[in-house]
Amino acid sequence: MLERLPSIYIVIMASLFSSQVCASTTTTQVITPSVSTSAVQSLAPVTTAQSFADWRAQLRMQALSEGISPLLFEQALAGLTPDPQVIAADQSQPEFSRPVWEYLESAVSSWRVARGKALLAEHAKTLNAIESRYNVEPSILVAVWGMESGFGQNIGSKNVIRSLATLAYEGRRNAFWRGQLLAALHILQEGDISPSAMLGSWAGAMGQTQFMPTTYRQYAVDFDGNGRRDIWNSSTDALASAANYLSLSGWQHGLPWGFEVQLPVQGFDYAIADGQVRKTLAQWQALGVRPRDKISMRKLGQLQATLFLPSGHQGPAYLLLDNFRSILKYNNSSSYALAIGLLSNALQGEYRAPAAWPKHERMLSRQERVELQTLLNQLGFDSGNPDGIIGIHSRQAVRSFQQWQSLPADGYPNAGLLEKVRQTIQAAP
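The structure reproduced in this document is the subject of the present report. (Residues numbered from 1 in each chain as written. Predicted model: local features only at pLDDT ≥ 70, side-chain atom pairs only at ≥ 80, totals over all residues. Heavy atoms only, no water.)

Topic: the packing of helix 8 (residues 124-134) against helix 9 (residues 138-149)
Helix-helix packing is characterised by the crossing angle of the two axes and by the distance between the axes. At a closest axis distance of 9 Å, the pairing of helix 8 and helix 9 adopts a crossing angle of 110°. By the criterion of interaxial angle, the relationship of helix 8 to helix 9 is roughly perpendicular. At the point where helix 8 passes helix 9, the crossing takes the right-handed sense. Residue-level inspection shows Leu-127, Asn-128, Ile-130 and Glu-131 of helix 8 in contact with helix 9, the latter providing Pro-138, Leu-141 and Val-142. Taken together, the residues of the contact of helix 8 with helix 9 sort by class into five nonpolar, one polar and one charged. (Axes fitted to C-alpha atoms, helices over the stretch in contact; angles between N-to-C directions. Helix = DSSP H or I, 4+ residues; strand = E, 2+ residues; numbered from the N terminus. Parallel < 35°, antiparallel > 145°, perpendicular 65-115°, else oblique. Left-handed = near helix turned anticlockwise from the far one by under 90°. Contact = heavy atoms within 4.5 Å. Nonpolar A, V, L, I, M, F, W, Y, C, P; charged D, E, K, R; others polar.)

Structure (C-alpha coordinates):
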(Lines give C-alpha, C1' and ligand atoms only; values in the text may rest on other atoms or scores of the structure.)
Protein backbone atom coordinates (compact mmCIF):
# COMPACT_ATOMS: atom_id res chain seq x y z
CA MET A 1 0.00 0.00 0.00
CA LEU A 2 1.23 3.45 -0.81
CA GLU A 3 2.04 5.37 2.35
CA ARG A 4 -0.01 8.52 2.73
CA LEU A 5 -1.12 9.75 6.11
CA PRO A 6 -3.21 12.91 6.03
CA SER A 7 -6.28 10.92 6.39
CA ILE A 8 -5.20 7.96 8.34
CA TYR A 9 -5.20 10.50 11.15
CA ILE A 10 -7.75 12.98 9.80
CA VAL A 11 -10.55 10.46 9.46
CA ILE A 12 -9.40 7.56 11.56
CA MET A 13 -12.25 7.84 14.05
CA ALA A 14 -14.87 8.95 11.53
CA SER A 15 -14.45 5.68 9.69
CA LEU A 16 -13.74 3.12 12.38
CA PHE A 17 -16.98 1.50 11.38
CA SER A 18 -16.65 1.86 7.62
CA SER A 19 -13.02 0.91 6.95
CA GLN A 20 -11.17 4.02 9.60
CA VAL A 21 -11.34 12.51 15.57
CA CYS A 22 -12.65 14.70 12.90
CA ALA A 23 -13.31 18.39 13.43
CA SER A 24 -14.43 20.89 10.87
CA THR A 25 -13.05 24.37 11.04
CA THR A 26 -15.79 26.91 10.72
CA THR A 27 -13.89 29.14 8.34
CA THR A 28 -12.39 26.69 5.89
CA GLN A 29 -14.43 23.53 6.57
CA VAL A 30 -11.28 21.43 6.69
CA ILE A 31 -11.46 18.23 8.67
CA THR A 32 -8.32 18.12 10.80
CA PRO A 33 -7.06 16.44 13.94
CA SER A 34 -6.84 18.48 17.09
CA VAL A 35 -4.72 18.20 20.21
CA SER A 36 -5.86 19.83 23.42
CA THR A 37 -3.48 21.83 25.56
CA SER A 38 -4.39 19.67 28.53
CA ALA A 39 -3.44 16.55 26.60
CA VAL A 40 -0.04 18.03 25.89
CA GLN A 41 0.46 19.14 29.47
CA SER A 42 -0.52 15.77 30.92
CA LEU A 43 1.47 13.70 28.45
CA ALA A 44 4.12 11.60 30.13
CA PRO A 45 7.52 11.78 28.43
CA VAL A 46 8.28 8.88 26.12
CA THR A 47 11.21 6.88 27.44
CA THR A 48 13.87 6.31 24.80
CA ALA A 49 17.15 4.45 25.12
CA GLN A 50 19.02 7.15 23.25
CA SER A 51 19.34 10.89 23.78
CA PHE A 52 17.99 13.15 21.08
CA ALA A 53 21.49 14.50 20.45
CA ASP A 54 22.85 10.99 19.88
CA TRP A 55 19.90 10.11 17.68
CA ARG A 56 20.45 13.30 15.66
CA ALA A 57 24.12 12.44 15.18
CA GLN A 58 23.22 9.01 13.80
CA LEU A 59 20.59 10.55 11.53
CA ARG A 60 23.20 12.99 10.24
CA MET A 61 25.53 10.14 9.29
CA GLN A 62 22.75 8.35 7.44
CA ALA A 63 21.54 11.51 5.68
CA LEU A 64 25.04 12.40 4.50
CA SER A 65 25.55 8.83 3.26
CA GLU A 66 22.42 9.33 1.12
CA GLY A 67 23.80 12.49 -0.42
CA ILE A 68 22.31 15.17 1.83
CA SER A 69 24.76 18.04 2.17
CA PRO A 70 26.07 18.82 5.68
CA LEU A 71 25.04 22.47 5.27
CA LEU A 72 21.45 21.59 4.39
CA PHE A 73 21.21 19.12 7.26
CA GLU A 74 22.38 21.71 9.76
CA GLN A 75 20.03 24.35 8.36
CA ALA A 76 17.04 22.03 8.49
CA LEU A 77 17.64 20.72 12.02
CA ALA A 78 19.28 23.77 13.62
CA GLY A 79 18.08 24.11 17.23
CA LEU A 80 15.42 21.49 16.67
CA THR A 81 13.82 19.75 19.67
CA PRO A 82 10.99 17.18 19.83
CA ASP A 83 7.50 18.69 19.65
CA PRO A 84 5.30 17.49 22.56
CA GLN A 85 2.11 18.33 20.66
CA VAL A 86 3.12 15.93 17.90
CA ILE A 87 3.67 13.11 20.39
CA ALA A 88 0.31 13.91 22.03
CA ALA A 89 -1.41 13.66 18.66
CA ASP A 90 0.36 10.41 17.83
CA GLN A 91 -0.66 8.84 21.14
CA SER A 92 -4.20 10.20 21.17
CA GLN A 93 -6.97 7.57 21.30
CA PRO A 94 -10.28 9.44 21.56
CA GLU A 95 -12.98 7.63 23.50
CA PHE A 96 -15.84 8.45 21.15
CA SER A 97 -15.93 8.34 17.37
CA ARG A 98 -17.88 10.58 15.04
CA PRO A 99 -20.75 8.90 13.15
CA VAL A 100 -20.02 8.39 9.47
CA TRP A 101 -23.10 10.41 8.48
CA GLU A 102 -21.81 13.47 10.33
CA TYR A 103 -18.47 13.17 8.56
CA LEU A 104 -20.14 12.88 5.14
CA GLU A 105 -22.53 15.74 5.83
CA SER A 106 -19.53 17.91 6.63
CA ALA A 107 -17.81 16.75 3.45
CA VAL A 108 -20.67 17.95 1.25
CA SER A 109 -21.46 21.06 3.28
CA SER A 110 -23.04 23.97 1.44
CA TRP A 111 -19.83 25.95 1.87
CA ARG A 112 -17.59 23.28 0.39
CA VAL A 113 -19.91 22.63 -2.56
CA ALA A 114 -20.38 26.33 -3.37
CA ARG A 115 -16.67 27.06 -3.06
CA GLY A 116 -15.77 24.00 -5.10
CA LYS A 117 -18.11 24.97 -7.93
CA ALA A 118 -16.66 28.48 -8.00
CA LEU A 119 -13.11 27.08 -8.19
CA LEU A 120 -14.09 24.64 -10.93
CA ALA A 121 -15.11 27.61 -13.04
CA GLU A 122 -12.17 29.80 -12.01
CA HIS A 123 -9.57 27.13 -12.79
CA ALA A 124 -11.38 25.53 -15.74
CA LYS A 125 -8.54 26.09 -18.23
CA THR A 126 -5.92 24.61 -15.92
CA LEU A 127 -8.13 21.72 -14.86
CA ASN A 128 -8.93 20.87 -18.47
CA ALA A 129 -5.22 20.84 -19.29
CA ILE A 130 -4.56 18.55 -16.34
CA GLU A 131 -7.41 16.28 -17.42
CA SER A 132 -5.97 16.07 -20.93
CA ARG A 133 -2.61 14.92 -19.60
CA TYR A 134 -3.62 12.65 -16.72
CA ASN A 135 -7.18 11.56 -17.63
CA VAL A 136 -8.68 12.48 -14.24
CA GLU A 137 -11.85 14.55 -14.16
CA PRO A 138 -11.76 18.08 -12.67
CA SER A 139 -14.56 17.41 -10.19
CA ILE A 140 -12.59 14.60 -8.53
CA LEU A 141 -9.47 16.75 -8.26
CA VAL A 142 -11.34 19.69 -6.75
CA ALA A 143 -13.07 17.30 -4.32
CA VAL A 144 -9.66 16.04 -3.16
CA TRP A 145 -8.42 19.64 -2.93
CA GLY A 146 -11.43 20.60 -0.82
CA MET A 147 -11.19 17.65 1.54
CA GLU A 148 -7.44 17.76 2.05
CA SER A 149 -6.88 21.45 2.68
CA GLY A 150 -10.12 23.39 2.26
CA PHE A 151 -9.02 24.28 -1.30
CA GLY A 152 -5.58 25.33 -0.11
CA GLN A 153 -6.71 27.44 2.84
CA ASN A 154 -5.44 25.08 5.53
CA ILE A 155 -2.22 23.26 4.65
CA GLY A 156 -1.07 22.95 8.26
CA SER A 157 1.26 25.13 10.29
CA LYS A 158 3.71 22.60 11.68
CA ASN A 159 7.35 22.57 10.65
CA VAL A 160 7.46 19.26 8.77
CA ILE A 161 11.09 18.52 9.59
CA ARG A 162 10.46 19.00 13.32
CA SER A 163 7.29 16.90 13.24
CA LEU A 164 8.95 14.04 11.40
CA ALA A 165 12.07 14.21 13.55
CA THR A 166 9.88 14.02 16.65
CA LEU A 167 8.02 10.98 15.34
CA ALA A 168 11.20 9.29 14.10
CA TYR A 169 12.76 9.74 17.55
CA GLU A 170 9.79 9.08 19.83
CA GLY A 171 6.93 7.82 17.65
CA ARG A 172 5.41 4.37 17.47
CA ARG A 173 6.64 3.61 13.94
CA ASN A 174 10.19 4.92 14.10
CA ALA A 175 11.47 3.30 10.91
CA PHE A 176 8.56 4.64 8.86
CA TRP A 177 8.96 8.16 10.19
CA ARG A 178 12.72 8.08 9.71
CA GLY A 179 12.15 7.23 6.04
CA GLN A 180 9.72 10.13 5.71
CA LEU A 181 12.20 12.49 7.37
CA LEU A 182 15.01 11.49 5.02
CA ALA A 183 12.65 11.93 2.06
CA ALA A 184 11.79 15.43 3.33
CA LEU A 185 15.49 16.30 3.50
CA HIS A 186 15.90 15.16 -0.11
CA ILE A 187 13.00 17.42 -1.11
CA LEU A 188 14.77 20.35 0.51
CA GLN A 189 18.01 19.49 -1.26
CA GLU A 190 16.19 19.30 -4.59
CA GLY A 191 15.22 22.93 -4.08
CA ASP A 192 11.44 22.71 -4.36
CA ILE A 193 10.84 24.41 -0.99
CA SER A 194 12.86 25.98 1.84
CA PRO A 195 13.00 24.46 5.34
CA SER A 196 10.97 27.30 6.88
CA ALA A 197 8.29 27.06 4.18
CA MET A 198 7.95 23.27 4.41
CA LEU A 199 4.76 23.33 6.49
CA GLY A 200 2.19 20.63 7.03
CA SER A 201 0.20 18.61 9.52
CA TRP A 202 1.57 17.18 12.75
CA ALA A 203 1.99 13.88 10.88
CA GLY A 204 4.10 15.45 8.14
CA ALA A 205 1.43 15.65 5.42
CA MET A 206 2.32 18.58 3.21
CA GLY A 207 0.79 21.19 0.99
CA GLN A 208 -2.60 21.67 -0.60
CA THR A 209 -2.92 17.95 -1.35
CA GLN A 210 -1.36 16.79 1.96
CA PHE A 211 1.28 14.51 0.46
CA MET A 212 3.68 12.62 2.68
CA PRO A 213 7.33 13.22 1.67
CA THR A 214 7.79 9.81 0.01
CA THR A 215 4.54 10.30 -1.90
CA TYR A 216 5.67 13.77 -2.93
CA ARG A 217 8.96 12.48 -4.31
CA GLN A 218 7.15 9.85 -6.36
CA TYR A 219 4.10 11.74 -7.62
CA ALA A 220 4.51 15.53 -7.30
CA VAL A 221 4.86 17.35 -10.63
CA ASP A 222 5.82 20.81 -11.86
CA PHE A 223 2.79 21.56 -14.02
CA ASP A 224 3.11 25.35 -14.07
CA GLY A 225 6.63 25.06 -15.51
CA ASN A 226 8.50 27.26 -13.02
CA GLY A 227 11.09 24.59 -12.27
CA ARG A 228 9.72 23.63 -8.84
CA ARG A 229 7.14 21.10 -7.69
CA ASP A 230 5.36 23.45 -5.32
CA ILE A 231 2.26 21.88 -3.80
CA TRP A 232 2.28 24.50 -1.02
CA ASN A 233 1.87 27.70 -3.05
CA SER A 234 0.88 26.56 -6.54
CA SER A 235 -2.66 25.20 -6.85
CA THR A 236 -1.73 24.16 -10.39
CA ASP A 237 1.09 21.94 -9.19
CA ALA A 238 -1.03 20.61 -6.34
CA LEU A 239 -3.96 19.64 -8.57
CA ALA A 240 -1.72 18.11 -11.22
CA SER A 241 0.16 16.15 -8.57
CA ALA A 242 -3.11 14.72 -7.24
CA ALA A 243 -4.10 13.84 -10.80
CA ASN A 244 -0.78 12.09 -11.38
CA TYR A 245 -1.24 10.13 -8.15
CA LEU A 246 -4.77 9.00 -9.07
CA SER A 247 -3.80 8.24 -12.65
CA LEU A 248 -0.96 5.98 -11.57
CA SER A 249 -3.30 4.39 -9.01
CA GLY A 250 -5.53 3.08 -11.79
CA TRP A 251 -8.11 5.83 -12.24
CA GLN A 252 -10.33 5.13 -15.28
CA HIS A 253 -11.52 8.26 -17.05
CA GLY A 254 -15.22 8.48 -17.83
CA LEU A 255 -16.31 5.77 -15.41
CA PRO A 256 -18.13 6.35 -12.10
CA TRP A 257 -16.58 5.69 -8.69
CA GLY A 258 -19.82 4.05 -7.60
CA PHE A 259 -23.43 4.91 -6.82
CA GLU A 260 -26.12 4.45 -4.20
CA VAL A 261 -28.39 1.45 -4.58
CA GLN A 262 -31.56 0.00 -3.11
CA LEU A 263 -31.50 -3.55 -1.78
CA PRO A 264 -34.34 -6.08 -1.75
CA VAL A 265 -36.61 -5.67 1.26
CA GLN A 266 -36.77 -9.39 2.00
CA GLY A 267 -34.28 -12.22 1.92
CA PHE A 268 -31.09 -10.33 1.00
CA ASP A 269 -27.82 -11.81 2.24
CA TYR A 270 -26.05 -8.86 3.85
CA ALA A 271 -22.97 -10.99 4.48
CA ILE A 272 -21.88 -10.40 0.88
CA ALA A 273 -21.44 -6.70 1.67
CA ASP A 274 -18.06 -7.43 3.23
CA GLY A 275 -15.87 -5.48 0.80
CA GLN A 276 -14.36 -8.72 -0.48
CA VAL A 277 -17.14 -10.13 -2.65
CA ARG A 278 -16.82 -8.69 -6.16
CA LYS A 279 -19.56 -9.20 -8.75
CA THR A 280 -20.37 -7.62 -12.08
CA LEU A 281 -23.10 -5.01 -12.04
CA ALA A 282 -25.22 -7.44 -14.04
CA GLN A 283 -24.81 -10.04 -11.30
CA TRP A 284 -25.72 -7.53 -8.60
CA GLN A 285 -28.78 -6.57 -10.62
CA ALA A 286 -29.78 -10.23 -10.81
CA LEU A 287 -29.74 -10.30 -7.01
CA GLY A 288 -32.29 -7.48 -6.92
CA VAL A 289 -29.87 -4.61 -6.35
CA ARG A 290 -31.14 -1.48 -8.09
CA PRO A 291 -29.60 1.99 -8.51
CA ARG A 292 -31.33 4.69 -6.52
CA ASP A 293 -30.91 7.19 -9.34
CA LYS A 294 -31.08 6.84 -13.11
CA ILE A 295 -27.91 4.93 -13.90
CA SER A 296 -27.74 2.34 -16.65
CA MET A 297 -26.41 -0.75 -14.92
CA ARG A 298 -26.99 -2.62 -18.17
CA LYS A 299 -24.57 -0.33 -20.03
CA LEU A 300 -21.94 -0.86 -17.33
CA GLY A 301 -23.01 -4.44 -16.68
CA GLN A 302 -19.62 -6.16 -16.90
CA LEU A 303 -17.83 -3.78 -14.55
CA GLN A 304 -16.87 -5.30 -11.19
CA ALA A 305 -18.24 -3.79 -7.97
CA THR A 306 -18.40 -4.46 -4.25
CA LEU A 307 -21.35 -3.70 -2.00
CA PHE A 308 -20.72 -1.23 0.84
CA LEU A 309 -22.98 -0.59 3.84
CA PRO A 310 -21.27 2.28 5.72
CA SER A 311 -23.76 2.13 8.62
CA GLY A 312 -25.06 -1.40 8.38
CA HIS A 313 -28.21 -2.77 6.77
CA GLN A 314 -30.40 0.01 8.18
CA GLY A 315 -28.54 2.77 6.30
CA PRO A 316 -27.63 3.62 2.69
CA ALA A 317 -26.02 1.05 0.40
CA TYR A 318 -23.47 1.67 -2.35
CA LEU A 319 -21.96 -0.30 -5.19
CA LEU A 320 -18.30 0.66 -5.46
CA LEU A 321 -16.33 0.34 -8.70
CA ASP A 322 -12.61 0.33 -9.41
CA ASN A 323 -12.29 4.11 -9.31
CA PHE A 324 -13.30 3.97 -5.66
CA ARG A 325 -10.32 1.67 -5.13
CA SER A 326 -8.09 4.29 -6.76
CA ILE A 327 -9.29 6.88 -4.24
CA LEU A 328 -8.52 4.39 -1.47
CA LYS A 329 -4.93 4.26 -2.69
CA TYR A 330 -4.80 8.03 -2.23
CA ASN A 331 -6.26 7.65 1.24
CA ASN A 332 -7.07 4.24 2.70
CA SER A 333 -10.36 5.12 4.39
CA SER A 334 -13.73 4.09 3.02
CA SER A 335 -15.38 7.10 4.66
CA TYR A 336 -12.88 9.44 3.01
CA ALA A 337 -13.23 7.83 -0.41
CA LEU A 338 -17.02 7.97 -0.16
CA ALA A 339 -16.79 11.64 0.81
CA ILE A 340 -14.65 12.36 -2.26
CA GLY A 341 -17.12 10.58 -4.50
CA LEU A 342 -20.17 12.33 -3.07
CA LEU A 343 -18.48 15.74 -3.12
CA SER A 344 -17.44 15.19 -6.74
CA ASN A 345 -21.06 14.38 -7.59
CA ALA A 346 -22.22 17.52 -5.79
CA LEU A 347 -19.74 19.68 -7.72
CA GLN A 348 -21.32 18.36 -10.92
CA GLY A 349 -24.83 19.04 -9.63
CA GLU A 350 -25.56 15.32 -9.34
CA TYR A 351 -25.82 14.94 -5.58
CA ARG A 352 -28.81 14.18 -3.45
CA ALA A 353 -28.79 13.23 0.19
CA PRO A 354 -28.36 9.49 0.80
CA ALA A 355 -31.18 7.33 2.08
CA ALA A 356 -31.95 7.71 5.77
CA TRP A 357 -29.08 7.06 8.14
CA PRO A 358 -29.76 5.08 11.35
CA LYS A 359 -29.25 8.12 13.54
CA HIS A 360 -31.24 6.50 16.32
CA GLU A 361 -28.38 4.07 16.89
CA ARG A 362 -25.82 4.91 19.52
CA MET A 363 -22.18 4.70 18.46
CA LEU A 364 -19.94 2.54 20.61
CA SER A 365 -17.27 4.19 22.71
CA ARG A 366 -13.71 2.93 22.44
CA GLN A 367 -14.09 1.10 25.75
CA GLU A 368 -17.24 -0.60 24.46
CA ARG A 369 -15.51 -1.58 21.21
CA VAL A 370 -12.73 -3.20 23.22
CA GLU A 371 -15.38 -4.99 25.30
CA LEU A 372 -17.15 -6.21 22.16
CA GLN A 373 -13.93 -7.60 20.70
CA THR A 374 -13.08 -9.29 24.00
CA LEU A 375 -16.49 -10.92 24.32
CA LEU A 376 -16.51 -12.09 20.70
CA ASN A 377 -13.15 -13.72 21.29
CA GLN A 378 -14.56 -15.46 24.37
CA LEU A 379 -17.42 -16.83 22.23
CA GLY A 380 -14.95 -18.24 19.73
CA PHE A 381 -15.33 -15.53 17.08
CA ASP A 382 -11.80 -14.30 16.41
CA SER A 383 -11.77 -10.49 16.35
CA GLY A 384 -8.02 -10.22 16.87
CA ASN A 385 -6.34 -8.15 19.55
CA PRO A 386 -8.96 -6.09 21.45
CA ASP A 387 -7.77 -2.59 20.54
CA GLY A 388 -11.04 -0.75 19.89
CA ILE A 389 -10.38 -0.54 16.14
CA ILE A 390 -13.06 -2.29 14.12
CA GLY A 391 -11.07 -3.73 11.24
CA ILE A 392 -11.55 -6.66 8.89
CA HIS A 393 -11.16 -9.36 11.57
CA SER A 394 -13.56 -7.65 13.96
CA ARG A 395 -16.14 -7.17 11.23
CA GLN A 396 -15.91 -10.80 10.26
CA ALA A 397 -16.30 -11.82 13.89
CA VAL A 398 -19.38 -9.61 14.20
CA ARG A 399 -20.76 -11.06 10.97
CA SER A 400 -20.21 -14.63 12.14
CA PHE A 401 -21.93 -13.89 15.45
CA GLN A 402 -24.86 -12.31 13.61
CA GLN A 403 -25.21 -15.37 11.38
CA TRP A 404 -25.10 -17.63 14.44
CA GLN A 405 -27.90 -15.59 16.01
CA SER A 406 -29.92 -15.37 12.76
CA LEU A 407 -29.45 -11.59 12.62
CA PRO A 408 -28.82 -9.52 9.48
CA ALA A 409 -25.13 -10.29 8.92
CA ASP A 410 -23.96 -6.80 7.97
CA GLY A 411 -20.87 -6.85 10.21
CA TYR A 412 -21.84 -3.51 11.74
CA PRO A 413 -21.23 -3.07 15.49
CA ASN A 414 -23.60 -0.90 17.47
CA ALA A 415 -25.01 -0.69 21.00
CA GLY A 416 -27.76 -3.20 20.23
CA LEU A 417 -25.26 -5.76 18.99
CA LEU A 418 -23.04 -5.30 22.04
CA GLU A 419 -26.02 -5.89 24.32
CA LYS A 420 -26.88 -9.06 22.39
CA VAL A 421 -23.32 -10.33 22.79
CA ARG A 422 -23.42 -9.55 26.53
CA GLN A 423 -26.66 -11.50 26.91
CA THR A 424 -25.20 -14.43 25.03
CA ILE A 425 -22.18 -14.51 27.32
CA GLN A 426 -24.39 -14.36 30.41
CA ALA A 427 -26.58 -17.20 29.12
CA ALA A 428 -23.62 -19.42 28.31
CA PRO A 429 -23.26 -22.47 30.58
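Some thoughts on helix 13 (residues 235-248)
Between its first and last C-alpha, helix 13 extends 20 Å over 14 residues, near the 20 Å set by a 1.5 Å rise per residue. Most of helix 13 is tucked away: 12 of the 14 residues are buried. Contacts from the buried residues of helix 13 go to helix 8, helix 9, helix 12 (213-219) and helix 15 (322-330). One or two residues past the end of helix 13 sits Gly-250, with phi positive at roughly 100°. (Expected span 1.5 Å × (residues − 1). Buried < 20%, exposed > 50% of the residue type's maximum accessible area, 1.4 Å probe, protein only.)

Digging into the packing of helix 8 against helix 13
Running from N to C, helix 8 and helix 13 point in directions that differ by 25°, and their axes come no closer than 10 Å. By the angle between their directions, the pair helix 8 and helix 13 is classed as roughly parallel. The way helix 8 lies across helix 13 gives a crossing that is right-handed. Contact with helix 8, carried on its side by Thr-126, Leu-127, Ile-130 and Tyr-134, involves Thr-236, Leu-239, Ala-240, Ala-243, Asn-244 and Ser-247 of helix 13 and no other residues of that element. Taken together, the residues of the contact of helix 8 with helix 13 break down into six nonpolar, four polar and no charged.

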